[in-house]
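A look at the structure
So you can see what is in the structure, the chains are spelled out below.
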Amino acid sequence: MNPYILAILLLGLGLGTTITFASSHWLLAWMGLEMNTLAIIPLMAQHHHPRAIEATTKYFLTQAAAAATLLFASVTNAWLTGQWEIQQITHPLPSTMITLALALKIGLAPLHAWLPEVLQGLDLTTGLILSTWQKLAPFALILQIQPSNSTLLIILGLTSTLIGGWGGLNQTQLRKILAYSSIAHLGWMILVLQFSPSITLLTLLTYLVMTFSTFLLFKLNKATNINTLATSWSKAPALTALTPLILLSLGGLPPLTGFMPKWLILQELTKQGLAPTATLAALSALLSLYFYLRLSYAMSLTISPNNLTGTTPWRFPSTQLTYPLATSTAMTIWLLPLTPGISGLLTP
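Residues numbered from 1 in each chain as written. Predicted model: local features only at pLDDT ≥ 70, side-chain atom pairs only at ≥ 80, totals over all residues. Heavy atoms only, no water.

An unreviewed UniProt entry lists the chain under the name NADH-ubiquinone oxidoreductase chain 2, from Altolamprologus calvus. Regarding the chain, the UniProt comment filed under Catalytic activity (unreviewed entry) reads as follows: "a ubiquinone + NADH + 5 H(+)(in) = a ubiquinol + NAD(+) + 4 H(+)(out)". (UniProt positions renumbered as here; feature names shortened; annotations may be inferred.)

**What about the domain arrangement of the chain?**
Looking at the assigned domains, one finds that the chain contains domain 1 (1–123) and domain 2 (149–347). Here domain 1 and domain 2 have C-alpha centroids that lie 24 Å from each other. Contacts between the two partners involve 17 residues from domain 1, matched on the other side by 19 residues from domain 2. A combined buried area of about 1,500 Å² lies between domain 1 and domain 2, and 73% of that area is made up of carbon and sulfur atoms. Across the pair Glu117 and Lys176 runs a salt bridge whose closest N-O atoms are separated by 3.4 Å. The interface formed by domain 1 and domain 2 holds 5 residue pairs in polar contact (both at pLDDT 80 or more) in total. Sorting the residues of the side of domain 1 that touches domain 2 by element identifies helix H4 (92–106) and helix H5 (114–120) as the ones contributing at least two each. Classifying every residue of the side of domain 1 that touches domain 2 by side-chain character gives 10 nonpolar, 5 polar and 2 charged. (Domains from an automatic or database assignment. Contact = heavy atoms within 4.5 Å. Buried area = accessible area lost by both parts, 1.4 Å probe. Salt bridge = Lys/Arg side-chain N within 4 Å of Asp/Glu carboxyl O. Polar contact = N/O pair within 3.5 Å; in protein donor to acceptor, adjacent residues only side chain to side chain. Helix = DSSP H or I, 4+ residues; strand = E, 2+ residues; numbered from the N terminus. Nonpolar A, V, L, I, M, F, W, Y, C, P; charged D, E, K, R; others polar.)

**Focus on unusual backbone geometry**
With omega at 5 degrees, the peptide bond leading from Ala109 into Pro110 counts as cis. You can see Pro110 is positioned in the loop between H4 and H5. Not every positive phi belongs to a glycine, and Lys222 is a case in point at roughly 50 degrees. As for its placement among the helices and strands, Lys222 is situated in the loop between helix H10 (197–220) and helix H11 (226–229).

**Observations concerning the layout of surface pockets**
The calculated volume of the largest pocket comes to roughly 280 Å³. Considering the residues around the largest pocket, the lining is formed by 15 residues, among which Leu10, Leu13, Ile129, Thr132 and Trp133 are closest to the centre. Contributing elements (two or more residues each) for the lining of the largest pocket: helix H1 (3–22), helix H6 (124–131), helix H7 (133–145) and H10. At 4 residues, the largest contribution of residues to the lining of the largest pocket is made by H1. When its residues are assigned to classes, the lining of the largest pocket shows 9 nonpolar, 5 polar and 1 charged. (1 Å grid on protein atoms, 1.4 Å probe; cavity = no way out; pocket = protein on both sides within 12 Å on 5 of 7 lines; lining within 4 Å. Points joined across faces, edges and corners; volume = space filled by probe spheres on them.)

Pasting the structure below:
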């Protein structure tokens, strides 16, 4: 892609998200979301491949449906209450519709079906943008409206953690596994949103760092399925040794960074008298942990078979910068000891 066009599209992505962040009016927020969608579509379709075009079409249709629902709900809210302010959603009907529209935008279960299919059709770089940056603007809106329907949020959160765990169990494609991982993490964030927005924000930040590490790792190894991972030991042995720690941090295993948000969320849910919800969420984390362990096993504990299909592919020197991966890997593995300081910052 022409570097000037790429720069314009990336600036459009940044501008769309910034407009949504800064807006207090529903029309402006909707405009930012639309700019975001329109800026990423050429990036998704840049590889002229049927899978990429199919993924782009699916993404466009779901995002257009979500944006139309969001606009309809905000107009309904203005009609019922006379307010266009984002934080003045008082009527339950537009509040529920907006929550569901934003859930469809970020891929929360049961409105998640588009996300694994779309991510599977993209390359890893665009997949990284879709899994991280594209979640920020809708999440900012969810945090601002603080949906009053607490039952809906808990149902969305629990369904997402369970489907994110179950869906990833039977997958062999890494991008689909990362899509289900994204659904599960978003479920954890939504569960605690109404009780502690600061913990939700912390969970979102740790999710962004861990997902960034994982995508860069797979990109460095040029891996798109589990079988390809088995040949990574000959490409980057030190990184292959660290990979299980990155994946288990995504799974939320102590003493790694990923354990911190899960710990704080379970603690908060228990404080709010939602012990059954916390128990179900903790059990669903075991499902996610299983497929992360499966990836770790395939990558670090097995050696690729010495036959024609398992032959180590020809490798050109990698042109990918390693500093971002090194920084995000260190943050993915070692931030748990900072939990007391971070939780001290979170408490008002």
